[in-house]
Amino acid sequence: MTKKDEKIIIDPKEFAQMILPGSPKKDDEDDLVYIKRQLRLYLEALMLAQDFNDLEKTQFDVAKQTQRDAILQKIIERRY
């Protein structure tokens, strides 16, 4: 588990590659259908990890901004 102030970053390619073995070829599945299914699964996993990283970065930046604002507010309060 990570601390609240640490952001989690997922390697999109590694994540997508780890997903594929969980989706084996079905016995009655045509090779082309299987390849297309694997490609779609890979691309969806890749995009999902990228979206997660973007969201994590945004949330991390917002948290940092909130902390900066709180510190600035304390400085202002003590100054006046």
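Here, every reference points to the structure presented above.
Residues numbered from 1 in each chain as written. Predicted model: local features only at pLDDT ≥ 70, side-chain atom pairs only at ≥ 80, totals over all residues. Heavy atoms only, no water.

Student: An account of the overall build of the chain is needed here, citing residue identities and associated values.
Tutor: Scanning the chain from terminus to terminus reveals 2 helices and 0 strands. Across the 80 residues that make up the chain, the buried fraction comes to 16%. Taking all contacts inside the chain whose residues are at least 6 apart in sequence as the whole, residues at least 24 apart take part in 62%. By element, 59% of the accessible surface of the chain is carried by carbon and sulfur atoms, the whole surface being about 7,100 Å². (Helix = DSSP H or I, 4+ residues; strand = E, 2+ residues; numbered from the N terminus. Buried < 20%, exposed > 50% of the residue type's maximum accessible area, 1.4 Å probe, protein only. Contact = heavy atoms within 4.5 Å. Areas by Shrake-Rupley, 256 points an atom, 1.4 Å probe, with all protein chains shown as cover.)

Student: Give me a nonpolar patch on the surface: which residues, what numbers.
Tutor: A surface patch of nonpolar side chains, amounting to about 280 Å² of accessible area, comprises Leu39, Leu43 and Met47. Among the secondary structure elements, Leu39 is positioned in helix α2 (residues 31-79). According to the relative accessible area criterion, Leu39 is partly exposed, its value standing at 49%. (Patch = residues over 30% accessible without salt bridge, like charges linked within 9 Å, V, L, I, M, F, W, Y side chains within 5 Å. Salt bridge = Lys/Arg side-chain N within 4 Å of Asp/Glu carboxyl O.)

Student: An account of the pattern of salt bridges is requested, with residue identities and associated values reported.
Tutor: Taken as a whole, this structure holds 3 salt bridges when the rule is applied. Between Glu29 and Arg37 there is a salt bridge, and its shortest N-O distance comes to 2.8 Å. The same class applies to Glu29 and to Arg37, which are both buried. The salt bridge partner of Arg40 is Glu44, with a shortest N-O separation of 3.9 Å. Of this pair, Arg40 and Glu44 both sit in helix α2, 4 residues apart, which is roughly one turn of the helix.

Student: Please give an account of the side chain of Ser23 that cites residues and values.
Tutor: With respect to the element layout, Ser23 can be found in the loop between α1 (12-19) and α2. Among the polar contacts made by the side chain of Ser23, one reaches the side chain of Arg37 at a distance of 2.4 Å. At 3.2 Å, the side chain of Ser23 and the side chain of Gln38 are in polar contact. Each residue touching Ser23, except ones within four places of it in the same chain, is listed here: Tyr34, Arg37, Gln38 and Leu41. (Polar contact = N/O pair within 3.5 Å; in protein donor to acceptor, adjacent residues only side chain to side chain.)

Student: Quick one: what's the story with the side chain of Glu56, residue by residue and with numbers?
Tutor: As for its placement among the helices and strands, Glu56 is situated in helix α2. The exposure class assigned to Glu56 is buried, which follows from its relative accessible area of 18%. When sequence neighbours within four positions are dropped, the list of residues in contact with Glu56 reads Glu6, Lys7 and Ile8.

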